[in-house]
Amino acid sequence: MAAAERLLIVNAEVDGAAGLDVRCRRGLIAEVGPALAPAAGETTLDASGGALLPGLHDHHIHLAALAAADRSVRCGPPDVRNRDELALALASAPGEGWIRAIGYHESVAGMLERGTIDALQRHRPVRIQHRSGKMWFVNSKAVELLGLGDSDGRLFRRDRWLRERLPAMADWDAALQDTSRQLARYGVTGVTETTPSNQAQDVERYRRLDLCQRVVAMGDETLEAGTLKVMLDDAALPTFEQLLGRILAAHERARPVAVHCVTRTELVFALSAFRAAGTVPGDRIEHASIADDATLRLFRNTHLTVVTQPNFIAERGDQYLADVARAECENLYRCQGFLDADVPLGGGTDAPFGDADPWAAMRAAVARRSASGIVIGAGEALTPERALALFTTPPGNPGGAPRRIQAGAEADLCLLDRPWRQARLALTAAHVRATLLGGRTTYNRANRTGATT
Ligand SMILES: [Zn+2]
């Protein structure tokens, strides 16, 4: 990615106004207006009337896990649906040594344990992650290598422990860069890395690798700064005082707090703790997957932001319809309901647990359709404009006002190949023509490789 220090984008549609030019200098937008005269040494990019949008920011993603996922075996629906397909997937894992498999759901072959995996693969060490991200299942070979003794092969919330014992992925930097380039193809110029086990060295790696996105990292108390990420599990909730204590301690260190809530109990618990602690700007609820009207009322006057993943309606909707009572489905991954209750709302994909394409999330926010076409929570549908806004807000304020293309703003941009009035009908990454980070081209469809202008 070479620097495009001086770039003039001509004939773009900005905020619905056609025929505008945008000058980028030193990473910032220097000027926006009609018929700007090209300056000496300036590269010109003809937008041909396409919409120029603020670069997308994925407010909830697991970048490192996504990079690893891109090099893992998929072993859950829809790729793998039964025991035989699971056996085949494991048998066809490339390379030698550890097999890393992801996306498992018990509808494939029940809750796994070491013996069931041994029956499928006993020669190579195997670790299989449950779709929820909470649990790893390992076979006997892996149990032996990890020194787990007579463990049943189920590792609940032990990602950090596992990471310290596993060999590092050999080409880790290259994997992250590949993943980052893929995100640039979607028009993504920023991500919030929400993994609680992020370490200072991870944050340093994202900086060093010069990725196609600005990376904001959350972490738990082992990180010095940034938003504190708190995981909650219905089955193993901390005491109210413990959660309250963590929130208060973070606030004292000027760290906002983000609490993971996927069940109603977790959400009510987190909201109660925030109500007791008070909130600071940046405090947020991740997912808020199930929120009934009574729970929405608990948000009142808290100023808490919700970061939602409407893509799960499309990706997991049919599974939800099978697992969750129909009435509860209306409360899944709500969008308009939060806005009506004045709860600031931002969007993230939760990749690799969800699809990393934010346009797919936008489509789901608008259509609210499961893969088989069933509409879930029709009243929660957003307009295409509001869906886009989930991903164009500033990293520090996901539910705030969308960033604007104006002088002084960072030149983080997503150029579409057509005007918005057409693009809004499809909301697809296929319409992304170029992506710029600080005025540098990180993706240009014309030269496919994602190189320079
Ligand atoms: Zn997540």
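Residues numbered from 1 in each chain as written. Predicted model: local features only at pLDDT ≥ 70, side-chain atom pairs only at ≥ 80, totals over all residues. Heavy atoms only, no water.

(A) Inspection of the overall build of the chain at higher detail. Broken down by element type, the chain carries 16 helices and 21 strands. For a compact globule of 453 residues, the expected C-alpha radius of gyration is about 22 Å, and the chain comes in at 22 Å, within 12% of that figure. Referenced to the eigenvectors of the C-alpha coordinate spread, the extents of the chain come out at roughly 75 × 50 × 45 Å. Every one of the 453 residues in the chain was classed for burial, and the buried ones make up 53%. Put simply, of all contacts in the chain between residues at least 6 apart along the chain, 70% involve residues at least 24 apart. Accessible surface, the chain: about 18,800 Å² in total, of which carbon and sulfur atoms supply 51%. Mean positive and mean negative side-chain charge positions of the chain (53 and 55 charges, respectively) differ by 2 Å. (Helix = DSSP H or I, 4+ residues; strand = E, 2+ residues; numbered from the N terminus. Rg over C-alpha atoms; globule rule 2.2 N^0.38 Å. Buried < 20%, exposed > 50% of the residue type's maximum accessible area, 1.4 Å probe, protein only. Contact = heavy atoms within 4.5 Å. Areas by Shrake-Rupley, 256 points an atom, 1.4 Å probe, with all protein chains shown as cover. Lys, Arg positive; Asp, Glu negative; His and termini not counted. Charge placed at Lys NZ, Arg CZ, Asp CG, Glu CD.)

(B) Summary view of the nonpolar core. Leu 183, Ile 285, Phe 299, Phe 338, Trp 359, Leu 416 and Trp 420 are the most contacted members of the largest nonpolar core, which totals 69 residues. For this core, the element with the most residues is helix α9 (residues 264–277), which contributes seven residues. No fewer than three residues from each of domain 1 (1–55 + 404–453) and domain 3 (171–402) sit in this core. (Core = buried A, V, L, I, M, F, W, Y, C linked by side-chain atoms within 4.5 Å. Domains from an automatic or database assignment.)

(C) Local environment of the coordination of the zinc ion. His 60 (NE2), His 62 (NE2) and Asp 350 (OD) make up the full set of protein donors to the zinc ion, lying at 2.1 to 2.2 Å. Sequence positions of the donors to the zinc ion reduce to the motif H-x1-H-x287-D. Placement of His 60 in strand β6 (residues 56–61) and of Asp 350 in the loop between β18 (345–347) and α14 (358–367) is noted, with a sequence separation of 290 residues between them. Take His 60 and Asp 350: they sit in the same class, and that class is buried. (Donors = N, O, S within 2.8 Å, 3.2 Å for Na, K, Ca; no water.)

(D) Spatial organisation of the packing of aromatic side chains. A full pass over the atoms with the stated rule returns five aromatic pairs. Residues Tyr 104 and Phe 137 carry aromatic rings whose centres are separated by 5.9 Å and whose planes lie at 75° to one another, so their mutual orientation is edge-to-face. In this pair, Tyr 104 sits in strand β8 (residues 99–104) while Phe 137 sits in strand β10 (residues 135–138), placing the two residues 33 residues apart along the sequence. You'll find Tyr 104 and Phe 137 in the same group, each marked buried. Look at Phe 299 and Phe 338: their rings are 5.8 Å apart centre to centre, the planes differ by 80°, and that puts the pair in the edge-to-face class. One end of the pair, Phe 299, is in the loop between α10 (293–297) and β17 (305–308); the other, Phe 338, is in helix α13 (residues 336–340), and 39 residues separate them in sequence. In this pair, the class of Phe 299 matches that of Phe 338, namely buried. The structure contains a cluster of three or more aromatic residues connected by ring pairs, namely Phe 312, Tyr 320 and Tyr 333. In this structure, Arg 127 packs its charged tip against the face of Trp 136, placed 5.2 Å from the ring centre. The cationic tip of Arg 158 hangs over the ring face of Trp 161; the distance from NZ or CZ to the ring centre is 4.3 Å. (Phe/Tyr/Trp six-rings, centres within 6.5 Å; stacked < 30°, edge-to-face > 60°. Lys NZ or Arg CZ within 6 Å of the ring centre and 35° of its normal.)

(E) Broad picture of the pairing of β10. Side chains Met 135 and Phe 137 project from β10 onto one buried face, and the interleaved Trp 136 and Val 138 project onto a second face that is buried too. Turn length for the strand β9 (residues 126–130)-β10 hairpin, with the two strands adjacent in sequence and antiparallel, is four residues, and the turn residue Gly 133 shows positive phi of about 85°. Note: β10 against strand β11 (residues 154–156), three bridges, orientation antiparallel. Opposite Phe 137, over in β11, you have Arg 154 as the bridge partner. (Pairing = 2+ DSSP bridges.)

(F) Structural detail: the sheet that holds strand β20 (residues 432–437). With antiparallel pairing, the four strands of this open sheet are ordered in space as β5-β19-β20-β21. Two strands in the sheet have a free side with no partner beyond their single neighbour: β5 (52–54) and β21 (440–444). Adjacent strand axes in the sheet meet at a mean angle of 25° when their direction is disregarded. As defined by bridge partners, strand β19 (residues 413–416) adjoins β20 across four bridges and the pair is classed as antiparallel. Among the inter-strand pairings, Cys 414 is bridged to a residue of β20, identified as Thr 435. (Axes fitted to C-alpha atoms, helices over the stretch in contact; angles between N-to-C directions.)

(G) Region of interest: the domain arrangement of the chain. Under the domain assignment, the chain is made up of domain 1 (1–55 + 404–453), domain 2 (72–165) and domain 3 (171–402). Relative placement of domain 2 and domain 3: their C-alpha centres are 27 Å apart. Across the contact, ten residues belong to domain 2 and 15 residues belong to domain 3. Interface area for domain 2 against domain 3, summed over the two sides, is near 1,100 Å², with a carbon-plus-sulfur share of 39%. It is Arg 131, Arg 160 and Arg 163 in domain 2 that bury the most area against domain 3; as a group they hold 54% of the surface buried on that side. Viewed at the interface, domain 3 and domain 2 are joined by four salt bridges. Across the pair Asp 233 and Lys 134 runs a salt bridge whose closest N-O atoms are separated by 3.2 Å. Taken together, the connections running from domain 2 to domain 3 amount to four residue pairs in polar contact (both at pLDDT 80 or more). (Buried area = accessible area lost by both parts, 1.4 Å probe. Salt bridge = Lys/Arg side-chain N within 4 Å of Asp/Glu carboxyl O. Polar contact = N/O pair within 3.5 Å; in protein donor to acceptor, adjacent residues only side chain to side chain.)

(H) Region of the structure containing the side chain of Gln 213. Along the chain, Gln 213 turns up in the loop between α7 (200–208) and β13 (214–217). For Gln 213, a relative accessible area of 5% gives the class buried. Polar side-chain contacts of Gln 213 include one of 3.0 Å to the backbone oxygen of Val 188.

(I) Structural context of the layout of surface pockets. What the second largest pocket holds in volume is close to 660 Å³. Where the lining of the second largest pocket is concerned, the elements lending two or more residues are β8, α6 (172–185) and α11 (311–323). Considering each element in turn, the lining of the second largest pocket owes the most residues, five residues, to α11. Class assignment of the residues belonging to the lining of the second largest pocket gives a composition of eleven nonpolar, seven polar and eight charged. (1 Å grid on protein atoms, 1.4 Å probe; cavity = no way out; pocket = protein on both sides within 12 Å on 5 of 7 lines; lining within 4 Å. Points joined across faces, edges and corners; volume = space filled by probe spheres on them. Nonpolar A, V, L, I, M, F, W, Y, C, P; charged D, E, K, R; others polar.)

(J) The arrangement of the pairing of β13 in detail. With four bridges connecting them, strand β12 (residues 188–193) and β13 associate as parallel partners. Looking at the pairing, Gly 190 lines up with Arg 214 of β13. Handedness of the crossover joining β12 and β13 through α7: right-handed. (Right-handed = clockwise from strand over helix to strand, strands pointing away.)

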